[in-house]
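Breakdown of the fold
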Amino acid sequence: MYRGREGQWAFMLHRLSGLAILAYLLLHVISISLFVFGEDPYMAVHNLYDFALFRIGLIFVSAAVVYHSFNGLRIIVMDFAGTGVAYQRQMWYGVLALSALTMLYVAYKVIPRIFFGGL
């Protein structure tokens, strides 16, 4: 019986981050395609991206991309290294640590711009 330890959490977070990236890409393609309808609809949507909610969403999208890429590298190591599966738990904690450190840096760069403008 599967007990749902680190492997299950890694799998679930990998799928969720992939879906979040897909949703972001779809939103991006739709917003860029509004240029077909003229400059006004295009600029109306892109002016929404300056709101704080969208900038905070940028932090979460960055988190999804960072976790998904680091976990993907962990999966590659597990597939191609003979002893990779034996260390999958430790590698997952390493992925979480690297993701957290990277996201702290992204938040450090993005959060002041939410309150003081710019980007």
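Residues numbered from 1 in each chain as written. Predicted model: local features only at pLDDT ≥ 70, side-chain atom pairs only at ≥ 80, totals over all residues. Heavy atoms only, no water.

Under the local residue numbering, the UniProt record ascribes the feature "transmembrane region" (unreviewed entry) to residues 12-36, 48-70 and 91-111. End-to-end, the C-alpha atoms of residues 48-70 are 31 Å apart, and along that stretch the chain is 87% helix and 0% strand. (UniProt positions renumbered as here; feature names shortened; annotations may be inferred. Helix = DSSP H or I, 4+ residues; strand = E, 2+ residues; numbered from the N terminus.)

For helix α1 (residues 6-33), which comprises 28 residues, the first-to-last C-alpha distance of 40 Å matches the rise-based estimate of 40 Å (1.5 Å per residue) to within 8%. Those residues of α1 not exposed but buried are Glu6, Ala10, His14, Ser17, Ile21 and Ser31. Structurally, α1 contributes buried residues whose contacts are with α2 (39-48), α3 (52-80) and α4 (88-116). (Expected span 1.5 Å × (residues − 1). Buried < 20%, exposed > 50% of the residue type's maximum accessible area, 1.4 Å probe, protein only. Contact = heavy atoms within 4.5 Å.)

Residue placement: Phe70 occurs in helix α3. The spacing of Phe70 and Leu98 is 28 residues in sequence and 7.9 Å in space, taken between C-alpha atoms. Once residues within four sequence positions are removed from consideration, Phe70 is found in contact with Val95, Leu98, Ser99 and Thr102.

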